[in-house]
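Working through the structure, step by step
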Amino acid sequence: MNPSDFPCDVQPHLVPRPGGDMVYKCLGCDATHDINTLLYTCPSCNSVLLIEDRDFDRHRAIPGPLWRKIFDFRKSLNIPALKGVYRFHEFIGPDLPLEAVVWLGEGGTPVVEASPLLQQKVGIRLFFKNDGQNPSASFKDRGMASAFSRINFLLQSGILSNVLAVCASTGDTSASAALYAAYLKPRVTSAVLLPHGKVTPQQLSQPLGNGAAVFEIAGVFDDCMKVVEELSENYNVALLNSKNAWRILGQESYSYEIAQDFSYDTRNLTVVVPIGNAGNITAVMNGFLKFFRIGIINALPKIIGVQSDHASPVFQYYREPDPARRRFAPVTVKPSVAQAAMIGNPVSMPRVIRLADRYDQAAGQRRVFVVEVSEQQIMDWQLTANRHGNIVCTHGGESLAGLVTARQQGLVTDDDMAVLDSTAHMLKFSNFQQMYFENAFPAHYGVTPDPALVNAPQLVEVPGIATPADRETLSGPEMTTFVRKTADEIANRLGLKRTKQ
Ligand SMILES: Cc1ncc(COP(=O)(O)O)c(C=O)c1O
């Protein structure tokens, strides 16, 4: 494919094309606000915001099949600013100059088909989209690329002179924010607030390594979020939680990439997403809605949101079948292995309510569902997935447990094809795997290890044989004996038969 395949008024490789009429749109009172400001809630009614392109329908001037060609053409280019979420820049930041784009390797994450054995176990065709393969090892980098590119633009255009980026986090937002802030040093610095003892050591090491000021608060994420809101309302700081609407915009790229990964044929597709603060499911719905509206995809995929029964305010809301009787109530969370989603009062709940409604209406039927799973199911399915060649963390396990539950409830049928949002890399949450293997879960998690899934390292010691640990190293015949006896011992434990005498 090359540029001459396109009509002359379409320049698929020349980007970004200026345009659009972007505003902050309030979900409470529909007021609109200037995007060249740091704004997180509506100054009139305090509701959350989304970014809207008031000239969005201009995209219809290019037919859906041509849009697909454009995106596929861009995928083949070696232009850093187009390698990440801005491959779809008309839908994410049409007014953003190329020089402002910050690309640290995010986006374009692989879609990996589950092994035949795992598909057989689950009963349907199944893929993992591995967002743990983003630079800070979680999906958050998509939103941060968008939010920090926008900050970079405000700095480059003199609207801001410097920025202190702040966020509350269950571990992954802080890792991502600290990474992107460090790239824009010295004009950007970062400070992150974490619930003390409720992020994993790996997650904690990330903002520390990237040089953020790290503050630990006694409490849970919801408490940290209140402090960060207080900071953003009373001090000159940029808030980088998903309350920041630019984050949502960047995360919409997850849907755009799925569309492209499946050659824009989204019929029979089910996308499964773990829910915490509900920013991700908001973005996934909005992304598919936009592509559907312009005719780039041929159907709106089914969306299954998943929550642990230790933190399930969104599930509780949708449990009421009659939309008119639904009332949102925050919940008190209990410790969960899906620790990054342990949120009782999701900031994006008003966005979810609005968009799920819009999504179902556009599809002409109910397409958004939320299911609840147990801690036991999350752990068992995480380990089962990884036993079959995957790299999911507990939240990816939550996605798989949610898919299995949705199948049992008849929400997903044999003809459906599922894409699971594997939101972070397994290594970030390996402490839960360790607790499972060692049967060391505190009782309140309610997790009992399945012996078939447990694994442990085996120390190999052969009685009477000198080992390298006995001295600095072995040499000569001692080494030969050590190697042979140790190999024989391992072969014996593995039940191997010697082929050479
Ligand atoms: C690994 C992981 N999965 C899922 C979630 C939930 O995403 P959201 O808060 O956007 O609902 C988070 C949020 O922190 C996360 O870090």
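Within any chain, residue numbers begin from 1 and follow the written order of that chain's sequence. Only residues with pLDDT of at least 70 get local features here, since the model is predicted, and only at 80 or more are side-chain atom pairs given and counted; chain-wide, interface and lining totals rely on the full set of residues. Values shown for side chains rest on all heavy atoms present in the structure; no hydrogens or waters enter the calculation.

1. Quick word on the overall build of the protein chain
- Secondary structure elements are taken from DSSP: a helix is a run of H or I of four residues or more, a strand is a run of E of two residues or more, and numbering for both begins at the N terminus. In terms of regular secondary structure, the protein chain is built from 17 helices and 13 strands.
- For 501 residues, the compact-globule estimate of 2.2 N^0.38 gives 23 Å, and the C-alpha radius of gyration of the protein chain, at 25 Å, lies within 12% of that figure.
- Principal-axis analysis of the C-alpha atoms gives the protein chain an extent of 80 × 55 × 50 Å.
- Summary of the burial criterion: residues with accessible area below 20% of their type's maximum are buried, those above 50% are exposed, and those between are partly exposed, where the area comes from a 1.4 Å probe applied to protein chains only. Taking all 501 residues of the protein chain together, the buried fraction comes to 56%.
- Contacts: residue pairs with any heavy atoms within 4.5 Å of one another. Of the contacts made within the protein chain by residues no fewer than 6 positions apart, 72% connect residues no fewer than 24 positions apart.
- The Shrake-Rupley method, run with a 1.4 Å probe, gives the accessible areas here. Residue values count only the displayed protein chains as cover. Surface exposure of the protein chain reaches about 21,000 Å², of which carbon and sulfur atoms provide 51%.
- Positive and negative charge centroids in the protein chain, built from 47 and 49 side chains respectively, lie 3 Å apart. Taken over C-alpha atoms, the radius of gyration is set against a globule rule of 2.2 Å times the number of residues to the power 0.38. Only four residue types enter the charge count: Lys and Arg as positive, Asp and Glu as negative, with His and the chain ends excluded. In plain terms, the charge of a residue is placed at NZ if it is Lys, CZ if Arg, CG if Asp and CD if Glu.

2. Overview of the UniProt feature "modified residue: N6-(pyridoxal phosphate)lysine" (unreviewed entry) in the protein chain
- UniProt positions are given in the numbering used here, feature names are shortened, and annotations may be inferred rather than shown by experiment. Listed under "modified residue: N6-(pyridoxal phosphate)lysine" (unreviewed entry) in the UniProt record, and renumbered for this structure, are K140.
- For K140, the location among the structural elements is in helix α5 (residues 140-156).
- For K140, a relative accessible area of 15% puts it in the buried group.

3. What about the sheet that holds strand β13 (residues 417-422)?
- Strand pairing follows a simple DSSP-based rule, namely that at least 2 bridges must link the two strands. Across the sheet, six strands lie side by side as β4-β5-β13-β10-β11-β12; this open sheet has mixed pairing. One side of each edge strand has no neighbouring strand; the edge strands of this open sheet are β4 (111-113) and β12 (368-373). Neighbour to neighbour, the strand axes of the sheet diverge by 25° on average, direction disregarded.
- Judged from the six bridges that link them, strand β5 (residues 125-130) and β13 form a sheet pairing that is parallel. Its bridge partner lying in β13, K129 is registered against D421. An axis is simply a line fitted to the C-alpha atoms; with a helix, the fit covers only the stretch in contact. Between two such axes, the angle follows the N-to-C directions and lies from 0 to 180 degrees.

4. Focus on the nonpolar core
- Counting 109 residues, the largest nonpolar core has F91, F148, L240, M285, F288 and F291 as its most contacted members.
- Residue contacts for F288: discarding those within four places in its chain leaves S255, I258, V271, I297, L300, P301, I303 and Y359.
- What is meant by a nonpolar core is a set of buried Ala, Val, Leu, Ile, Met, Phe, Trp, Tyr and Cys residues, joined one to another through side-chain atoms within 4.5 Å. Residues V272, V373, V412 and F437 belong to the second largest nonpolar core, which totals 41 residues.

5. Some thoughts on the site of the ligand
- Close contacts around the ligand come from 15 residues, with K140, D172, G276, N277 and A278 the closest.
- Think of a polar contact as two N or O atoms within 3.5 Å of one another; within protein, one of them needs to be a possible hydrogen donor and the other a possible acceptor, and neighboring residues in sequence only count if both atoms come from side chains. The contact in question runs from an oxygen atom of the ligand to an N or O atom on the backbone of G276, over 2.7 Å.
- Here the ligand has 380 Å² of accessible area as a free molecule, and 98% of this is covered by the chains.
- Both domain 3 (111-134 + 252-453) and domain 4 (139-245) contribute no fewer than three residues apiece to the shell around the ligand. Throughout this document, a residue counts as near a molecule or strand when at least one of its heavy atoms sits within 4 Å of that molecule or strand. Note that the domain bounds reflect an automated or database-derived domain assignment.

6. Concerning the pairing of strand β1 (residues 22-26)
- Extensive coverage of β1 is indicated by the burial of five of its five residues.
- Burial along β1 is two-sided: the residues M22, Y24 and C26 and V23 and K25 are all buried.
- Counted along the chain from β1 to the antiparallel partner strand β2 (residues 32-34), the turn is five residues long, and its residue D30 has a positive phi close to 65°.

7. Quick notes on the domain arrangement of the protein chain
- When the domains of the protein chain are assigned, the result is domain 1 (1-20 + 55-103), domain 2 (24-53), domain 3 (111-134 + 252-453), domain 4 (139-245) and domain 5 (458-501).
- Between the C-alpha centres of domain 1 and domain 5 there is a distance of 60 Å.

8. Quick notes on the sheet that holds β2
- Reading across the sheet, the three strands line up as β2-β1-β3 and stay open at both edges, with antiparallel pairing between neighbours. The strands lining the two open edges of the sheet, one partner per strand, are β2 and β3 (49-53). Mean inter-strand twist for the sheet, computed between neighbouring axes without regard to direction, equals 40°.
- Of the strand pairs in this sheet, β1 and β2 are connected by three bridges, and their pairing is antiparallel. For Y24, the partnering residue across the bridge sits in β2 and is H33.

9. With respect to a nonpolar patch on the surface
- Here, patches come from residues exposed beyond 30% relative accessible area and free of salt bridges, joined within 9 Å for like charges and within 5 Å for nonpolar side chains (Val, Leu, Ile, Met, Phe, Trp, Tyr). The salt bridge criterion pairs a side-chain nitrogen of Lys or Arg with a carboxyl oxygen of Asp or Glu, the two atoms within 4 Å. A cluster of nonpolar side chains, I490, L494 and L496, forms an exposed patch at the surface whose accessible area comes to about 310 Å².
- Checked against the element boundaries, L494 lands in helix α17 (residues 476-494).

10. Some remarks on the packing of aromatic side chains
- Stacked, tilted and edge-to-face are the three classes applied to pairs of Phe, Tyr and Trp rings, where Trp contributes its six-membered ring and a pair requires centres within 6.5 Å; stacked means planes under 30 degrees apart, edge-to-face means over 60, and tilted covers the rest. Under the criterion given, the structure shown has 19 aromatic pairs.
- Ring centres 6.2 Å apart and planes at 70° place the aromatic pair Y24 and W246 in the edge-to-face group. Of the two residues, Y24 is situated in strand β1 and W246 in helix α9 (residues 245-251); the sequence distance between them amounts to 222 residues.
- Members of the aromatic cluster, each reached through a chain of ring pairs, are F56, W67, F71, F88, F91, Y256 and F291.
- We call a charge positioned over a ring when the NZ of a Lys or the CZ of an Arg lies within 6 Å of the ring centre and within 35 degrees of the ring normal. One Lys or Arg, K69, reaches over the ring of F6 and ends 5.9 Å from the middle of that ring.

11. Quick word on the packing of helix α11 (residues 279-294) against helix α13 (residues 349-363)
- α13 packs onto α11 with a crossing angle of 30° between their chain directions and a minimal axis gap of 10 Å. Our pair here, α11 against α13, has a crossing hand that is left-handed. Here α11 contributes I281, T282, M285, N286, F288, L289 and F292 to the contact with α13, which in turn contributes R351, V352, L355, A356, R358, Y359 and A362.
- Per-class residue counts for the contact of α11 with α13 are ten nonpolar, two polar and two charged. In a left-handed crossing the near helix is turned counterclockwise from the far helix by less than a right angle, and in a right-handed crossing that turn is clockwise. Residue polarity is assigned by list, with Asp, Glu, Lys and Arg as charged and Ala, Val, Leu, Ile, Met, Phe, Trp, Tyr, Cys and Pro as nonpolar; anything else, Gly included, falls into the polar class.

12. Thoughts on α5
- Under the convention used throughout, the expected extent of a helix is 1.5 Å for every residue step, that is, one less than its residue count. Here α5 contains 17 residues, and its C-alpha end-to-end distance of 24 Å stays within 8% of the 24 Å for a straight helix at 1.5 Å per residue.
- For α5, the buried fraction is high: 16 of the 17 residues fall into the buried class.
- One or two residues past the end of α5 sits G158, with phi positive at roughly 80°.

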